[in-house]
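# Structure at a glance
The primary structure of each chain is shown beneath.
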Amino acid sequence: MSKTPWTASQIPSQAGRRVVITGGNSGIGFHAALELARRGAEVILPARSEAKADDAVRRIRQQVPDAKVLPAILDLASLASVRAFASFYAERFAGASLDLHINNAGVMALPTRELTVDGYERQFATNYLGPFALTALLFPNLKAQAGTRVVTVASSAANFGKIDFNNLQSEASYSPMWGAYAQSKLADLIFARALQRRLTAARSPIISTSAHPGYAITNLQANTNGFILKLMMAILSPLLSQDAAGGALPTLLAAASPEATPGGYYGPGGFQELKGPPVPAKITPAANDTVLADRLWSATEQLTGVKFDVSAIRPL
Ligand SMILES: NC(=O)c1ccc[n+]([C@@H]2O[C@H](COP(=O)([O-])OP(=O)(O)OC[C@H]3O[C@@H](n4cnc5c(N)ncnc54)[C@H](OP(=O)(O)O)[C@@H]3O)[C@@H](O)[C@H]2O)c1
């Protein structure tokens, strides 16, 4: 990578490119959507409600009056909603029409264990199962050509995560941050890397990259009510956090920079990867464990009922 700090001004023109980004109504997803729209991308912005999606579109247009942004509805914690959004997309933009898909939406550290309508633990479902199913269902719409990317937003919490096949849904024990959240984010990173291995094996020109924002002040921290976590955040925030726009830069680099490599993972380059311009991020052995990745992939297909076979799509 070049030695000059990477900023949003280095995003190449996105004119003619169509993007789906989840969680684009808030935090780092909003800033990623804004910058991609500013560079000319057509951004499909699904949120949990029409009001939230419309409001995000309005806020983007305040800054980029001619932005091409389309509001839509998606609840990643419901597999029916994931299927409905994928069908909406496929009907509206038939065929190979998508250049960039960003799995950004997430929830963190819900104080008590909650189950989704599908009966899955809410963080695992929202942060990992839903994005896996959505990527698989949108995959036929991705253009099989160079430049097409899938970006998955993980977290440095993944470094503390463990995939526990006996406790995937936190059914045996629930630990909001370092258990359920960290597991879901490790699953994201494993998925992004496993997807790249499968794309490479299928000789696909599509690439899978991933990113984490470090510590960015967003709505994500709203749920956090554990004493130790609150104390940690009170100490870390003033010195070691960045704003949501800064937190969006690793995602934007992974999504749009020619410097991003197949399977690359990007995060802030400062102390403990908490803030600063984006650079390649640290990857733990668990995220590179191919046996673990294959087992998780199969388990996820079972849990979501969505088969994800990348070799079904061949290069043009
Ligand atoms: N901020 C950080 O320091 C940090 C650190 C590491 C990783 N991350 C990751 O960065 C990503 C973005 O987080 P953020 O910090 O920007 O937080 P945020 O401001 O809370 O944004 C999260 C977004 O995800 C959406 N979302 C939540 N549940 C959803 C669901 N069931 N279906 C669809 N969308 C849903 C939210 O929608 P609503 O507005 O409806 O809630 C919101 O748009 C997450 O994946 C998070 O894990 C953030």
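Residues numbered from 1 in each chain as written. Predicted model: local features only at pLDDT ≥ 70, side-chain atom pairs only at ≥ 80, totals over all residues. Heavy atoms only, no water.

## Let's talk about unusual backbone geometry
Under the convention used in this document: We count a stretch as a helix when DSSP gives it H or I for four or more residues in a row; a strand needs E for two or more, and each element gets its number in order from the N terminus.
Unlike most non-glycine residues, Ala109 shows phi in positive territory, near 55 degrees. Turning to its location among the elements, Ala109 is positioned in the loop between strand S4 (100-103) and helix H4 (122-138). The phi torsion at Gln272 lies on the positive side, around 55 degrees, for a residue other than glycine. With respect to the helices and strands, the residue Gln272 is situated in the loop between strand S7 (265-268) and strand S8 (278-280).

## Description of the packing of helix H5 (residues 176-201) against helix H9 (residues 290-304)
Packed helices, taken two at a time, are described by their axes: the angle between them and the distance between them. Counted only if it meets this: Comment: axis = line fitted to C-alpha atoms, over the contacting stretch for helices; angle = value between 0 and 180 degrees taken between N-to-C directions. Roughly parallel covers angles under 35 degrees, roughly antiparallel covers those over 145, roughly perpendicular covers 65 to 115, and oblique covers all other angles. In this description, contact between two residues means that some pair of their heavy atoms is separated by no more than 4.5 Å. Residues were grouped as follows: Ala, Val, Leu, Ile, Met, Phe, Trp, Tyr, Cys and Pro as nonpolar; Asp, Glu, Lys and Arg as charged; and all remaining residues, including Gly, as polar.
Where H5 contacts H9, the two axes come as close as 10 Å, and the packing angle between them is 95 degrees. If you check the angle between H5 and H9, you find them roughly perpendicular. Listed contacts from H9 to Ala187, Ile190, Phe191, Ala194, Leu195, Arg197 and Arg198 of H5 are Thr290, Leu292, Ala293, Asp294, Leu296 and Trp297. Here the residues of the contact of H5 with H9 sort into nine nonpolar, one polar and three charged.

## A look at the pairing of S7
What counts, and what does not: Any two strands with at least two DSSP-identified bridges between them are counted as paired.
Pairing analysis gives two bridges linking strand S6 (residues 207-211) to S7, with the strands arranged parallel. Along S7, the bridge assignment pairs Ser210 with Tyr265. Across three bridges, S7 lies against S8 in antiparallel orientation. Opposite Pro268, over in S8, you have Pro278 as the bridge partner.

## Observations concerning the site of the ligand
Rules: We call a residue near a molecule or strand when any one of its heavy atoms sits within 4 Å of it. By the criterion applied in these results, polar contacts are pairs of N or O atoms within 3.5 Å in which, for protein atoms, one can donate a hydrogen and the other can accept it, and in which residues neighboring in sequence qualify only through two side-chain atoms. Note on areas: these come from Shrake-Rupley sampling with a 1.4 Å probe, and a residue is covered only by the protein chains present in the view.
The local shell around the ligand holds 29 residues, among which Asn25, Ser26, Lys52, Asn104 and Thr218 are the closest. For the ligand, an oxygen atom lies 2.6 Å from a polar atom in the side chain of Ser26. Within the backbone of Ala216, one N or O atom sits 2.8 Å away from an oxygen atom of the ligand. Burial of the ligand by the protein amounts to 94% of the accessible area it has alone, namely 890 Å². Of all the secondary-structure elements, those providing two or more residues to the shell around the ligand are helix H1 (27-38) and H5.

## With respect to the sheet that holds strand S1 (residues 18-21)
Here eight strands make up an open sheet; going across it, the order is S3-S2-S1-S4-S5-S6-S7-S8 and the pairing mixed. The open sheet is flanked by strand S3 (68-73) and S8, the only strands paired with a single partner. Across this sheet, the average inter-strand angle for adjacent strands is 20 degrees, counted without regard to direction. Here S4 runs beside strand S5 (residues 149-153); their pairing, made up of four bridges, is parallel. Looking at the pairing, Asn103 lines up with Thr152 of S5. Helix-sheet contacts for H5 involve S4, S5, S6 and S7, and the interaxial angle to S6 is about 160 degrees.

## What about empty space enclosed by the protein?
To locate leftover empty space, one rolls a probe as large as a water molecule over the atoms. We count it as follows: The distinction between a cavity and a pocket rests on a 1 Å grid over the protein atoms alone: a 1.4 Å probe fits inside a cavity but cannot get out, while a pocket stays open yet meets protein on both sides within 12 Å along at least five of seven lines, and a residue with an atom within 4 Å of a point counts as lining. Grid points are joined across faces, edges and corners, and a volume is the space filled by probe spheres set on the points.
Evaluation of the coordinates by the stated rule reveals one cavity of 30 Å³ or more. In this structure, the largest cavity encloses a volume near 30 Å³. Per element, the largest residue contribution to the lining of the largest cavity is three residues, and it comes from H4. When its residues are assigned to classes, the lining of the largest cavity shows six nonpolar, two polar and one charged.

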